[in-house]
Amino acid sequence: MLPSGLFRHPRARLALLLGPPMLWLGVAYLGALAALFVTALWTQNGFTGTIERVWTLDSFRTLFTEDVYRTIALRTIGVAVLVTLVDAVVAFPIALYMSKVARPGLQRFLLVAVLMPLWASYLVKAYAWRGMFSEGGLVSSAFEAVGLKSPGYGLTATVVTLAYLWLPYMILPIYAGLERLPNSLLEASADLGARTGHTIRRVVVPVVIPAMVAGSIFTFSLTLGDYIAVRIVGGTNQLLGNVVYDNVGAANNLPFAAAVATIPVVVMLVYLAAVRRTGAMESL
């Protein structure tokens, strides 16, 4: 048993409180990343298909010299950026209405409505969009009604599906950020004669940007690693997650899969470093 006097020291209480989760983080998360980088330096026997623990950079060399993998990497980053922008544009007016316009009862209803999609299965939502983008589906019918060709399965369907899946992760941070904005600032801006657009640009947006940064971390990183939605609605297109999945499964090429998996990790590290240099993280 621990001595009772130990709990009287603030540092001891802090260590007991944070020690187990930090230990779990170090072992489960950082340990898994270390194993990933080590595996990427191994190789696969081209004849037997077995994994040989021989240090080599062949997997990274293939990754950076083959045009197809560069294309997939750029496509993945582009889709992640586009999904994040779409979510930011859609989430901002929703969060603004929820926090500053809606009555308390309606505000609670809208908050539950935003959270409800998270209660449904990922696959159910993805296959629902597959049905809408299929021939004769809702999206196809809407496009045909105005004389346009339906986009069908492909990058457009992938962006729309992923933007829908991750939208709550953008709405909630923006909503929380706007909740911290005092209504008195909006009233003062109106009293000084500022128009609505000017108030949004000069008062609301500076508060919203750090919240959008927080939401973008979720939408950007989740898109970088996704492979299920791409298989369901992406048609013949591939993202990095699909390459990792295929090499872990059928090809059993774990070293190359680990090398591909390092790209999202490095991209997120660069992104977080860039965000931190802007100072937005300090305002979260």
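Along each chain, residue indices are assigned from 1 in the same order as the chain's sequence is written. For a predicted model such as this one, the threshold for reporting local features is a pLDDT of at least 70, and the threshold for listing and counting side-chain atom pairs is 80 or more; totals across whole chains, interfaces and linings nevertheless cover every residue. Heavy atoms from the whole structure form the basis of all side-chain values; hydrogens and water molecules are not counted.

## Side note on the overall build of the protein
Helix numbering and strand numbering both begin at the N terminus, where a helix is a DSSP run of H or I of at least 4 residues and a strand a DSSP run of E of at least 2. Looking only at helices and strands, the protein features twelve helices and two strands. Ordered by position from the N terminus, the helices and strands of the protein form the series α-β-β-α-α-α-α-α-α-α-α-α-α-α. It is over C-alpha atoms that the radius of gyration is taken, and the globule rule equals 2.2 Å times the number of residues to the power 0.38. For the protein, the C-alpha radius of gyration of 24 Å lies well beyond 19 Å, the compact-globule estimate for 284 residues. Think of it in three bands: residues with accessible area under 20% of the maximum for their type are buried, residues over 50% are exposed, and the middle band is partly exposed, with areas taken using a 1.4 Å probe on protein chains only. Evaluated residue by residue, the protein yields a buried proportion of 36% over its 284 residues. The contact criterion used is simple: two residues touch if any of their non-hydrogen atoms lie within 4.5 Å. Of the contacts made within the protein by residues no fewer than 6 positions apart, 67% connect residues no fewer than 24 positions apart. Method for areas: the Shrake-Rupley scheme with a 1.4 Å probe, in which residue coverage is limited to the protein chains shown. When the accessible surface of the protein is summed, it comes to about 16,800 Å², and 67% of that surface belongs to carbon and sulfur atoms.

## Section: the pattern of salt bridges
Just to be clear on terms, a salt bridge is a Lys or Arg side-chain nitrogen sitting within 4 Å of an Asp or Glu carboxyl oxygen. Enumeration according to the criterion identifies three salt bridges in this entry. R61 serves as the salt-bridge partner of D58, at 2.5 Å between the closest nitrogen and oxygen. Here D58 pairs with R61, and both are found in helix α2 (residues 58-65), just three residues apart, close to one helical turn. Look at R61 and you get partly exposed, because its relative accessible area is 47%. D246 is paired through a salt bridge with R231; the nearest N and O atoms lie 2.3 Å apart. Here D246 is found in helix α11 (residues 240-248), whereas its partner R231 is found in helix α10 (residues 228-233), with 15 residues between them in sequence.

## A few points about the nonpolar core
Within the largest apolar cluster, 20 residues are counted, with the highest numbers of intra-cluster contacts made by I174, L178 and V204. At the level of secondary structure, the elements contributing two or more residues to this core comprise α3 (67-100), α4 (104-119), α7 (155-179) and α9 (196-225). If we ignore the near neighbours within four places in the chain, the residues touching V204 are F92, L96, L178, L181, L186 and T199. Here, nonpolar core means buried Ala, Val, Leu, Ile, Met, Phe, Trp, Tyr and Cys residues that are tied together by side-chain atoms lying within 4.5 Å of each other. Counting residues in each nonpolar core, the second largest holds 14 residues, with A73, L240, V243 and V267 among its members.

## Observations concerning the environment of P210
Residue position: P210 is located in helix α9. Linking P210 and G177, residues 33 residues apart in sequence, is a C-alpha distance of 7.9 Å.

## What to know about the side chain of N253
Relative to the helices and strands, N253 is located in the loop between α11 and α12 (254-278). Relative accessible area serves as the criterion here: at 17%, N253 is assigned to the buried category. In contact with N253, not counting residues within four places along its chain, are Q44 and N247.

## Brief notes about the packing of α3 against α4
For helices, the axis comes from a line fit to the C-alpha atoms of the stretch in contact; other axes are also lines fit to C-alpha atoms, and the angle between any two N-to-C directions lies between 0 and 180 degrees. Close contact between α3 and α4 brings their axes to 8 Å; oriented N to C, the two are set at 145 degrees. The way α3 lies across α4 gives a crossing that is left-handed. Residues Y97, M98 and S99 of α3 lie in contact with α4, whose contacting residues are L106, Q107, L110, L111 and V114. By definition, any crossing whose near helix is turned counterclockwise from its far helix by less than a right angle is left-handed, and any crossing with a clockwise turn is right-handed.

## Details of the packing of aromatic side chains
Each Phe, Tyr or Trp ring, with Trp reduced to its six-membered ring, pairs with another whose centre is within 6.5 Å; inter-plane angles below 30 degrees give stacked pairs, above 60 give edge-to-face pairs, and intermediate values give tilted ones. Tallied over the entire structure, the rule returns eight aromatic pairs. Connected via pairs of aromatic rings, a cluster forms that spans Y122, W166, Y169 and F218.

## Digging into the packing of helix α5 (residues 122-133) against α7
Across the interface, α5 lies against α7 with an axial gap of 10 Å and an inter-helix angle of 145 degrees. Relative to α7, α5 is oriented so that their crossing is right-handed. Across the interface between the two elements, Y122, K125, A126, W129 and F133 from α5 touch A157, V160, T161, L162, Y164, L165 and W166 from α7. Three classes are used, and their members are as follows: Ala, Val, Leu, Ile, Met, Phe, Trp, Tyr, Cys and Pro are nonpolar, Asp, Glu, Lys and Arg are charged, and the others, Gly among them, are polar. Of the residues that constitute the contact of α5 with α7, the class distribution is ten nonpolar, one polar and one charged.

## Description of the side chain of D87
Along the polypeptide, D87 turns up in helix α3. One buried charged residue, D87, forms no salt bridge at all, with the nearest opposite charge on K125 at 11 Å. Charge convention: Lys and Arg are scored as positive, Asp and Glu as negative, and His as well as the terminal groups of each chain are ignored.

## Some words on the environment of R276
Tracing the backbone through its elements, the reader meets R276 in helix α12. The exposure class of R276 is exposed, given its relative accessible area of 61%. Taking C-alpha positions, R276 is 10.0 Å from V213, a pair spaced 63 residues apart along the chain.

## Remarks on the confidence of the model for the protein
Values of pLDDT, the confidence the predictor places in each residue, fall between 0 and 100. Counting all residues, the mean pLDDT for the protein is 83, and 90% of those residues have values of 70 or more. Per-element averaging of pLDDT across the protein places helix α8 (residues 183-191) at the bottom with 72 and α3 at the top with 92.

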